[in-house]
Amino acid sequence: MAHKTEDTVKLGIFITTAVALFIVAVYFIGSEENMFGANLRVSSIFSNVNGLQPGNNVRYSGINVGTVERIVLLNDTTVQVHMKLDKNVQPFIKKDAVASIGSDGLVGSMLVNISPGKGTAGMVEEGDVMVSYSRVETEELLNTLGKTNENIALISNDLLRITNQMAKGKGAIALLLRDTSLAASLRQAVFNLEATAGHLAVTGAELQKLMAEVNGSSGLLHQLLHDTTVVANLNSSIARVDTLAARAEPFIRELQSSAESLSASGATLERLLEELDRGRGPAGLLLKDSAAAEDIRQILENVEQSTARFNENMEAMRHNFLFRKYFKKKEKEKEEGGGGAP
Amino acid sequence: MPATYYQRSGLRRYFQETGEVWLFARRFFKEALHRPFEGKELLRQCFIVGNQSLFLVGMTGLIMGLVLTLQTRPTMEDFGAEAYMPAMVGVSIIREIGPVVIALICAGKIGSSIGAELGSMKVTEQIAAMEVSGTNPFKYLVVTRILATTLMVPLLVIFGDAIALFGSFLVEHMKGDVSFRLFFNKVFRQLGFGDLIPATAKTFFFGFAIGLIGCFKGYTSKKGTAGVGRAANTAVVVASMLLFVLDFIAVLVADIFFDL
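Presented here is a report on the structure given in the accompanying data block. (Residues numbered from 1 in each chain as written. Chains lettered and ligands numbered in written order. Predicted model: local features only at pLDDT ≥ 70, side-chain atom pairs only at ≥ 80, totals over all residues. Heavy atoms only, no water.)

We now examine the overall build of chain B. For chain B, the helix and strand inventory stands at ten helices and zero strands. The linear arrangement of helices and strands in chain B, starting from the amino end, is α-α-α-α-α-α-α-α-α-α. Residues classed as buried in chain B amount to 48% of the 260 residues present. Excluding contacts between residues fewer than 6 apart, the proportion of contacts in chain B whose partners are at least 24 apart in sequence is 83%. When the accessible surface of chain B is summed, it comes to about 13,300 Å², and 66% of that surface belongs to carbon and sulfur atoms. (Helix = DSSP H or I, 4+ residues; strand = E, 2+ residues; numbered from the N terminus. Buried < 20%, exposed > 50% of the residue type's maximum accessible area, 1.4 Å probe, protein only. Contact = heavy atoms within 4.5 Å. Areas by Shrake-Rupley, 256 points an atom, 1.4 Å probe, with all protein chains shown as cover.)

So this is what it looks like as C-alpha cells:
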C-alpha cells in the first residue's frame, strides 16, 4: 500500500512538473505576443507591407514593444496594419512617430519599426493612425547596388592605373614614396612645423597672460576693450580731427601753391646763377672778366679822386663871397630845426 | 470456392481490422463515460505509462537536442546564421520532432508493453476469468490504459521537449557561448501559440492512438503464446504508422486554423 502511495506521489510530481513546463511555455509565448498586461492599439497605413504577417514584432528604437495584430486591405493601394503595443511605452511614442516596415536581418522575418518623433508632439493614444514611411523596395535597392557596383568598377580601374603609374615612379605621390631626400625635407618641414607650433604655443601663452593683465588692469587697452566712454571720446576726437583737416585743406593748398611758386623762383634763380657763373650779362662780366673788373676799379679810383677834388672845390666855394650868405643861412636853419624839436 | 484476390491480398483483413478498431474505440468512449470509474487503476497505469517512461523519454530528448544542434550548427554557420540556431531548434523540436519522436518512443515502449500484457492475459484466459467474476475487464484493463496513455503522452512530450531544448542549449553554450537566458529568450521570441497549441493537441491523439492500438492488439490476440509476441509487435508497428498519419492530419488542420 505504501509502495502504491509513493508511486502516486511520484506520478503527481511528474504531472505537476510537466504542466508547469507547459504553463511556463504558454506564459513566455504569451508575453512575447503581449497577451498579458495592458495594451495600446495603434495602426498605420502602408502601400506595401512586404510580406508582414500578424504576430510579427513591432520595434521602437530597436526594442520589441509589441506585435502586429492584424493586417487589413483597405483598397487597391492601401493596407492598414493594426499593432498591439505594450502600454508602458506609450509615454515615449509621440504622435509624429513614423512607422516603417523592415526585416530582422537579411534572412529574418519582417517587422514594423517605429522611429521616435519629436519631443514636442504629444504622446500617441489608443486608436491613433501613425505616419508611415515606405522603405526602399528590394528591386530598387538591387538597381542602386548595380549602379554602385559599376561605379566601383570604374573607380577600381582608375585606381589600378594610378597605382601602376606610381609603381613606375611617375607622379608626385610616387616621388614622395621613392625620393628619400624629399622624405627628409618633409621630416624637416614637420620638425619646423613642430617648432613653430611650440613657438605659437608660447606666444599664445604670452598673449593669454597679456590679455589677463589687460583684463586685470585699468590701463588704456582695458579701457578700450571694456570702457564704452573711451570709444565715444575717441570717436568725438576723430570727428574733430576730420573737421580740422577740412579747414586746413585750403591753407595747405595755398602752401602748396606757394611752394610751387618758390620752386619756380628757385629754378629761375638757379638759371640766373648759372648764367652768372658762365659770365653772361653785365653782372657775370663783373664777376668773371678780370679786365673789366680792373677797368671798373680804375673808374672807381678816378671817381674817388674827382669826388675829393669836388669836395675841395665845394669848400672853396663856401668861402666865396658869392655863396657865403647861402651857406650861413643853411646852418642857421639847421640849428633852429635841431633846438625846436626836442 | 477459390479465394478471390481481395480475400488473398489481406485487404479484406485490413478493412475488417479497421472496422474492429473503430468498434473498439466506440466501446472505449461508451465505457469511459459510464460508472464505475477505475480511478486507482487509472493512477497506476498513469504511473506505469508516465513515470516509468521518464528516463527513456528524458534521455531521448536530451540526445535529440544535442544531435539536432550539433548537426545543424555547421550548416547554419556556413550561412552566418548561427544566431538563429535557438529559434530554429526551438521551432523544430516544439512543432514536430519532439512530439513525433517521443510518441514513437512511447509507441515502442508503452504500446508493446500494453499489447504484450493484455495479450498474455487474453491467452491465459485471465480476461475471461474476470468476466466470470463479474468485473468488467474492458473498463478495468482497456479504458484505464487508453486514458493513461492519452493523458500521459502529452506530458511526456512536454517533458521531452524541455529536455531536448536544454540539450540544444548545452551545445550552443559550448560552441557559441550563448547564455541560458539568451537561448530561451530567442526560442520563445520565435515561438507562437500556432506552434505550441497544435503540437500539444496532437499529442493527445498520439497517446490515444498508442493506447487504443496496444489494447486492441492485446485484447484481441489469439493463437496462444505466439499471439502475445505478435500482438506486441503489431501494436508497435500499427501505432507507429498511425502516429505519422495522425501527424499529417494534425499539420493540415493546424495549417488551416493557425495559418502556419
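Before going further, it helps to spend a moment on the pairing of strand β2 (residues 57–60) of chain A. All names here are of chain A. Going residue by residue along β2, you find N57 and R59 tucked away on one face and V58 and Y60 tucked away on the opposite face as well. Two elements, β2 and strand β3 (residues 63–75), share four bridges in a ladder whose sense is antiparallel. Pairing of Y60 across the sheet is with I63, part of β3. Across three bridges, β2 lies against strand β6 (residues 110–115) in parallel orientation. By the bridge assignment, R59 is partnered in β6 with N113. (Pairing = 2+ DSSP bridges.)

Another point: the pattern of salt bridges. Evaluated as defined, the whole model comprises 16 salt bridges over all chains. Ionic pairing is found between K95(A) and D128(A), a salt bridge with its closest N-O pair at 2.9 Å. Of this pair, K95(A) sits in the loop between β4 (78–86) and β5 (98–103) while D128(A) is found in the loop between β6 and β7 (129–133), placing the two residues 33 residues apart along the sequence. We classify K95(A) as partly exposed; its relative accessible area is 39%. Between E17(B) and K217(B) there is a salt bridge, with its nearest N and O atoms 2.3 Å apart. (Salt bridge = Lys/Arg side-chain N within 4 Å of Asp/Glu carboxyl O.)

The subject of this paragraph is the sheet that holds β2(A). All names here are of chain A. Taken in spatial order, the seven strands line up as β1-β4-β3-β2-β6-β5-β7 and close into a barrel, and their pairing is mixed. Going across the sheet, the axis of each strand differs from the next one's by a mean of 35°, ignoring polarity. When β3 meets β4, the two strands line up antiparallel, connected through eight bridges. Bridging from a neighbouring strand, V68 pairs with M83 of β4. (Axes fitted to C-alpha atoms, helices over the stretch in contact; angles between N-to-C directions.)

All names here are of chain B. The geometry of helix α7 (residues 137–176) relative to helix α9 (residues 193–219) is characterised by a closest axis approach of 7 Å and an angle of 145° between their N-to-C directions. In this structure, α7 crosses over α9, and the sense of that crossing is right-handed. Between α7 and α9, the contacting residues are P137, F138, V142, R145, I146, T149, T150, V153, P154, V157 and I158 on the first element and T200, T203, F204, F206, G207, F208, I210, G211, L212, C215 and Y219 on the second. Tallied by class, the residues present in the contact of α7 with α9 amount to 15 nonpolar, six polar and one charged. (Left-handed = near helix turned anticlockwise from the far one by under 90°. Nonpolar A, V, L, I, M, F, W, Y, C, P; charged D, E, K, R; others polar.)

All right, on to the interface of chain A and chain B then. If you look at the interface, chain A gives 25 residues, while chain B gives 22 residues. A per-residue breakdown of the area chain A buries against chain B is headed by L11(A), F14(A) and I29(A), which together make up 31% of the total. Where chain A touches chain B, the interface holds zero salt bridges. Viewed at the interface, chain B and chain A are joined by one residue pair in polar contact (both at pLDDT 80 or more). (Buried area = accessible area lost by both parts, 1.4 Å probe. Polar contact = N/O pair within 3.5 Å; in protein donor to acceptor, adjacent residues only side chain to side chain.)

Looking now at a positive patch on the surface. Together, R13(B), K122(B), K222(B), K223(B) and R230(B) make up a positively charged patch on the protein surface. Within the secondary structure, K122(B) sits in helix α5 (residues 85–123). (Patch = residues over 30% accessible without salt bridge, like charges linked within 9 Å, V, L, I, M, F, W, Y side chains within 5 Å. Lys, Arg positive; Asp, Glu negative; His and termini not counted. Charge placed at Lys NZ, Arg CZ, Asp CG, Glu CD.)

Let's shift gears to the pairing of β6(A). Where β5(A) meets β6(A), six bridges bridge the pair, whose relative direction is antiparallel. The residue of β6(A) that forms the bridge with A99(A) is I114(A).

Glancing now at the nonpolar core. If you look at the biggest cluster of nonpolar residues, it comprises 46 residues, and the most contacted ones within it are F24(B), C106(B), V142(B) and I146(B). Sorting the residues of this core by element identifies α1 (2–32) of chain A together with α2 (11–32), α3 (39–49), α5, α6 (126–132), α7, α9 and α10 (224–258) of chain B as the ones contributing at least two each. With twelve residues, the single largest contributor to this core is α7(B). Here I146(B) is in contact with F24(B), F28(B), F208(B), G211(B), L212(B) and C215(B), once residues within four sequence places are set aside. The next biggest cluster of nonpolar side chains, apart from the first, holds 23 residues, and it includes V42(A), F46(A), A97(A) and V112(A). (Core = buried A, V, L, I, M, F, W, Y, C linked by side-chain atoms within 4.5 Å.)

A few words on the packing of aromatic side chains. Under the counting rule described, the total for this entry stands at 18 aromatic pairs over all chains. Measuring from ring centre to ring centre gives 5.6 Å for F28(B) and F208(B), while their planes differ by 55°; the resulting arrangement is tilted. Of this pair, F28(B) sits in helix α2 while F208(B) sits in helix α9, and the two are 180 residues apart along the sequence. Under the relative-accessibility criterion, F28(B) is labelled buried at 3%. Through successive ring pairs, a cluster of aromatic residues spans Y27(A), F28(A), F166(B), F169(B), F180(B), F183(B), F184(B) and F188(B). The residue whose ring lies beneath K122(B) is Y219(B), and the NZ or CZ to ring-centre distance is 6.0 Å. (Phe/Tyr/Trp six-rings, centres within 6.5 Å; stacked < 30°, edge-to-face > 60°. Lys NZ or Arg CZ within 6 Å of the ring centre and 35° of its normal.)

Residues and elements named next belong to chain B. Within the secondary structure layout, S168 lies in helix α7. Polar side-chain contacts of S168 include one of 2.8 Å to the side chain of T69. Sequence-distant contacts of S168, that is, excluding residues within four places in its chain, are made with G65, L66, T69, V89 and F183.

By themselves these figures say nothing about function.
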